[in-house]
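Structural overview for review
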Amino acid sequence: MLRSLLVPMLLAVSLLACGDDESVNPDSGDPTKVTYAESLGVDLAQMTLLPSGLYIQDTFVAEDGALAQAGSRVQVRYTGYLPDGRSFDATGNGPAFSFTLGAGEVIEGWDEGIAGMRVGGRRRLVIPSALGYGATGSGGRIPPYTVLIFDTELVSVR
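Within every chain, residues take consecutive numbers counted from 1 along the sequence as written. Totals for whole chains, interfaces and linings use every residue, but because this is a predicted model, local features are given only for residues with pLDDT of at least 70 and side-chain atom pairs only at 80 or more, for both listing and counting. With hydrogens and water set aside, each side-chain value is computed from the structure's full complement of heavy atoms.

The chain has the name Peptidyl-prolyl cis-trans isomerase in an unreviewed UniProt entry, where Corallococcus macrosporus DSM 14697 is given as its organism. UniProt positions are given in the numbering used here, feature names are shortened, and annotations may be inferred rather than shown by experiment. Quoted verbatim from the Sequence similarities (unreviewed entry) field of UniProt, the annotation for the chain is "Belongs to the FKBP-type PPIase family."

Shown next, in the form of structure tokens:
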């Protein structure tokens, strides 16, 4: 009898505790309302804010490489971070990630944030959850309403 009462009580307590979890708070999807790990060096004031809410910062501008524009097939090397500084994905030394820019094959923040780069260029993207994985998150690695930080390098454009 005690066991049958204890399990529902523990479940209720754990669900209540989740209510205070910032990872499921819609406000945590706004880049201006997030605390970033010092190791990331995110300074929104030094970045360009686009009308969509995406922040970009060119960390290396390639002057003469091919231009990434809608319809181009691009290859990108990247490392993705959560605001707490944990990396959740990266190309590492493997092949660059390939997609058609503007075709909806990637999150909106990537379609918008990679456009306008030139091959050899590097750009940091700070993506609000609305342009990332939103209220659903992704695969248990990215909680709902999470701002994403990507360091990207454009490898090729076809």
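Put simply, DSSP marks the helices as runs of H or I at least four residues long and the strands as runs of E at least two long, and each gets a number from the N terminus on. The secondary structure content of the chain amounts to 2 helices and 7 strands. Secondary structure elements of the chain, listed N to C terminal, follow the sequence α-β-β-β-β-β-α-β-β. Whether a residue is buried, partly exposed or exposed follows from its accessible area with a 1.4 Å probe, protein chains only, as a fraction of its type maximum: under 20%, in between, or over 50%, in that order. Here the chain holds 158 residues, and the buried ones make up 40% of them. We call two residues in contact when some of their heavy atoms are within 4.5 Å. When contacts within the chain are restricted to residue pairs at least 6 apart in sequence, those whose partners lie at least 24 apart make up 65%. What sets the accessible areas is the Shrake-Rupley method with a 1.4 Å probe; for residues, cover comes only from the shown protein chains. When the accessible area of the chain is evaluated, it comes to approximately 8900 Å², of which 54% is carbon and sulfur surface.

Our focus in this paragraph is the pairing of strand S7 (residues 148–157). Counting buried positions along S7 gives 7 out of 10 residues, so the element sits mostly inside the fold. Direction of pairing for strand S3 (residues 73–81) relative to S7: antiparallel, over a ladder of 8 bridges. Paired with Gln75 across the strands is Ser156, a residue of S7. Only strands that DSSP links by at least two bridges are regarded as paired with each other.

Bringing the nonpolar core into the picture now. For this analysis, a nonpolar core means a set of buried residues of the types Ala, Val, Leu, Ile, Met, Phe, Trp, Tyr and Cys, connected via side-chain atoms within 4.5 Å. Core analysis: the biggest nonpolar cluster contains 24 residues, and Trp110, Ile114, Ile127 and Phe150 have the highest contact counts within it. For this core, the elements supplying multiple residues, two or more each, are S3, helix H2 (108–114), strand S6 (122–127) and S7. Here the element with the most residues in this core is S7; it accounts for 4 residues. Those residues in contact with Trp110 that sit more than four places away from it in its chain are Val76, Tyr78, Phe97, Phe99, Leu101, Leu125, Ile127, Phe150 and Thr152.

Once the charged atoms of two side chains with opposite charge are near each other, the side chains can pair. Throughout this description, the term salt bridge denotes a Lys or Arg side-chain nitrogen within 4 Å of a carboxyl oxygen of Asp or Glu. By the definition in use, this model includes 4 salt bridges. One salt bridge connects Asp58 with Arg123, and the closest N-O pair in it is separated by 2.6 Å. On the criterion of sequence distance, the pair formed by Asp58 in strand S2 (residues 55–60) and Arg123 in strand S6 is long-range, its members being 65 residues apart. The partner of Arg124 in a salt bridge is Asp151, and the shortest N-O contact between them spans 2.7 Å. With Arg124 in strand S6 and Asp151 in strand S7, the pair connects residues that are 27 residues apart, well separated along the chain. What makes Arg124 buried here is its relative accessible area of 10%.

Along the chain, Arg118 falls in the loop between H2 and S6. Residue classification places Arg118 among the partly exposed positions, given a relative accessible area of 32%. As for Arg118 and Ala62, which are separated by 56 residues in sequence, their C-alpha atoms are 5.7 Å apart. Setting aside chain neighbours within four positions, we find Arg118 in contact with Ala62, Glu63, Asp64, Gly65, Ala66, Leu67 and Leu154. Under the rule applied, a polar contact is a pair of N or O atoms within 3.5 Å (in protein, one hydrogen donor and one hydrogen acceptor; residues adjacent in sequence only if both atoms are side-chain atoms). Within the local environment of Arg118, its side chain forms a polar contact with the backbone oxygen of Gly65, the two atoms lying 2.8 Å apart.

For the rest of this paragraph, the subject is the confidence of the model for the chain. Mean pLDDT over the chain works out to 88, with 85% of the residues at or above the 70 mark. Counted against residues more than four places away or in other chains, residues 1–23, with its pLDDT under 50, gives 6 contacts. The quantity called pLDDT is the predictor's confidence in a given residue, expressed from 0 to 100.

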